[in-house]
Amino acid sequence: IQYALKNDLALKEAALNQDFFQKEITGAYGNLLPNANLYADHQYNFGSVIDPTTNARVSSDIRANSFSFSSNVELFNWANFVKIKSAKLQKEKAVYEWEIKKNELIIRIVQAFNQVQFDKEQIELIEEQLKNTQLTLSRIETEFNLGNKAKSDLYEIQAQKVSEQQMLINAENALRTSKTTLLNLLNLKEEAEFIQEENLTSGGLQDELPSLYEYGVQNRPEIKSAEVQKEIAQKKIEEQKSGYLPRISANYSLSSFYVDMETASLLDQFRNNRNHFLGFSINVPIFNRLQTRTAVQQAKIELEQANLQAEQQKQAYYNALRDAYTKTQNAFENWQASEKNVEAQEISFAKTEEKFRQGMVDAYGYFAAKNNLLSAKTSLLQAKYTFHYENVLLNFYVTNELPFN
């Protein structure tokens, strides 16, 4: 899981959204700062022109230089402050969206990893059965040669061995497939061995569903993301309402020029021709063709949608939690029943095997008991890993953490 979180490309892409909205925050703060512009030009005028020093028309060629510096700052625009808060909320939402994708990946990995472990144990189980069949076959061949067993018994044993060999091939193919699935999830090109490091132990559910929901609803990123979206929608209403408020701005500029017709030096002309401008302006909206009013109404609708989506997300979480709770409970009971079934089948097989050795049961009856035991052990294996997966999933839904981290 740790490897996947570091190397998954979809997660890396989602993480870029956090950086994107961090830049949005920086840009929103930048709206509070004044801007600054510097302008300069170099001009040639020929023929009948205006002398910039006297404003009189003259017939001459004039070369002139001018420059200006200007700055503007919005002293009051409520939308600028709202945009800062909205950008922070967008970044917070991006964090939760990344966590949602992370959780989805983790669940797929846990499922794939459990499948790998199940397939491994299934192979071991079949190999054990095949080994037992080979020992039985060797004994039956000896007894057949001594005339104590019928040839049909020998054929039954040989057929059973071929059947179990086919089962082993299928199990090995299943393991390769499950390993490939896990490798693809991890984006691993090289082969790797996945080892189970903890023993799977059984245990019933300790808490009731309502208490699990009350705790879990506070931790799930899906719920938190939906709640943040409500705040974003509320800020959008404030931003649109700022269109009703006045805007106050301040302006300053400094300019000067130089004309080659003057005898004064360039620096003296720039000094003597300096011009300062300082101004304040207020823009009071009166009527803008219902655009602000419509935008506010649309933003309110979006808030209602966000509220409904948050409730839907809570309901979806409760349904998923209830489903995981029920499946975990069922899997635990199935595990307990499977263990008892294996114990019973082992006793039954031991007695049948003893009767088979004494010639009291034919090969068909012997292998029926043997296959029943294999089926019971396979069911136990499935029940064990089903419970483990469902239990991990339920814990993850509640705590947003993995029990083996």
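Residues numbered from 1 in each chain as written. Predicted model: local features only at pLDDT ≥ 70, side-chain atom pairs only at ≥ 80, totals over all residues. Heavy atoms only, no water.

1. Here we look at the packing of aromatic side chains
Taken as a whole, this structure holds 11 aromatic pairs when the rule is applied. Pairing Y213 with Y318 gives two aromatic rings, centres 5.2 Å apart and planes at 85 degrees, and the pair type is edge-to-face. Pair noted here: Y213 is in helix α5 (residues 209-216) and Y318 is in helix α8 (residues 291-357), with a separation of 105 residues, a long-range link. Take Y213: its relative accessible area is 16%, and that puts it in the buried class. Exposure remark for Y318: the relative accessible area of 24% places this residue in the partly exposed category. Among the aromatic residues, those joined into a cluster by ring pairs are F349, F356, Y366 and F367. Over the ring of F396 we find R220, and its NZ or CZ is 5.5 Å from the ring centre. (Phe/Tyr/Trp six-rings, centres within 6.5 Å; stacked < 30°, edge-to-face > 60°. Helix = DSSP H or I, 4+ residues; strand = E, 2+ residues; numbered from the N terminus. Buried < 20%, exposed > 50% of the residue type's maximum accessible area, 1.4 Å probe, protein only. Lys NZ or Arg CZ within 6 Å of the ring centre and 35° of its normal.)

2. A few points about the packing of helix α3 (residues 78-145) against helix α6 (residues 221-241)
For any two helices packed against each other, the geometry comes down to the angle between their axes and how far apart the axes lie. Contact geometry for α3 and α6: axes closest at 9 Å, N-to-C directions at 165 degrees. Taken together, the axes of α3 and α6 are roughly antiparallel relative to one another. In this structure, α3 meets α6 at a crossing whose hand is left-handed. A breakdown of the residues in the contact of α3 with α6 according to their chemical character gives 9 nonpolar, 5 polar and 12 charged. (Axes fitted to C-alpha atoms, helices over the stretch in contact; angles between N-to-C directions. Parallel < 35°, antiparallel > 145°, perpendicular 65-115°, else oblique. Left-handed = near helix turned anticlockwise from the far one by under 90°. Nonpolar A, V, L, I, M, F, W, Y, C, P; charged D, E, K, R; others polar.)

3. Here's the deal with the confidence of the model for the protein
Overall, the prediction assigns the protein a mean pLDDT of 88, with 95% of residues at 70 or greater. Averaged pLDDT values over the elements of the protein bottom out at 72 in strand β2 (residues 48-50) and peak at 96 in α6. (pLDDT = per-residue confidence, 0-100.)

4. Thoughts on the nonpolar core
Counting 20 residues, the largest nonpolar core has Y317, L321, L394 and Y397 as the members making the most contacts within it. Tallying contributions element by element places helix α9 (residues 363-399) first for this core, with 7 residues. The residues touching Y397, leaving out its near neighbours within four places in the chain, are I107, G216, R220, Y317, A320, L321 and A324. Core analysis: the second largest hydrophobic core is formed by 17 residues, V116, I126, L168 and L182 among them. (Core = buried A, V, L, I, M, F, W, Y, C linked by side-chain atoms within 4.5 Å. Contact = heavy atoms within 4.5 Å.)

5. Quick notes on empty space enclosed by the protein
By the definition in use, this model includes 1 cavity of 30 Å³ or more. Space inside the largest cavity adds up to approximately 30 Å³. I106, I107, V110, Y389, V392, L393, F396 and L402 are the residues that line the largest cavity. Put simply, the parts of the chain that give the lining of the largest cavity at least two residues each are α3 and α9. The greatest single-element share of the lining of the largest cavity, amounting to 4 residues, is contributed by α9. Residue composition of the lining of the largest cavity, by class: 8 nonpolar, no polar and no charged. (1 Å grid on protein atoms, 1.4 Å probe; cavity = no way out; pocket = protein on both sides within 12 Å on 5 of 7 lines; lining within 4 Å. Points joined across faces, edges and corners; volume = space filled by probe spheres on them.)

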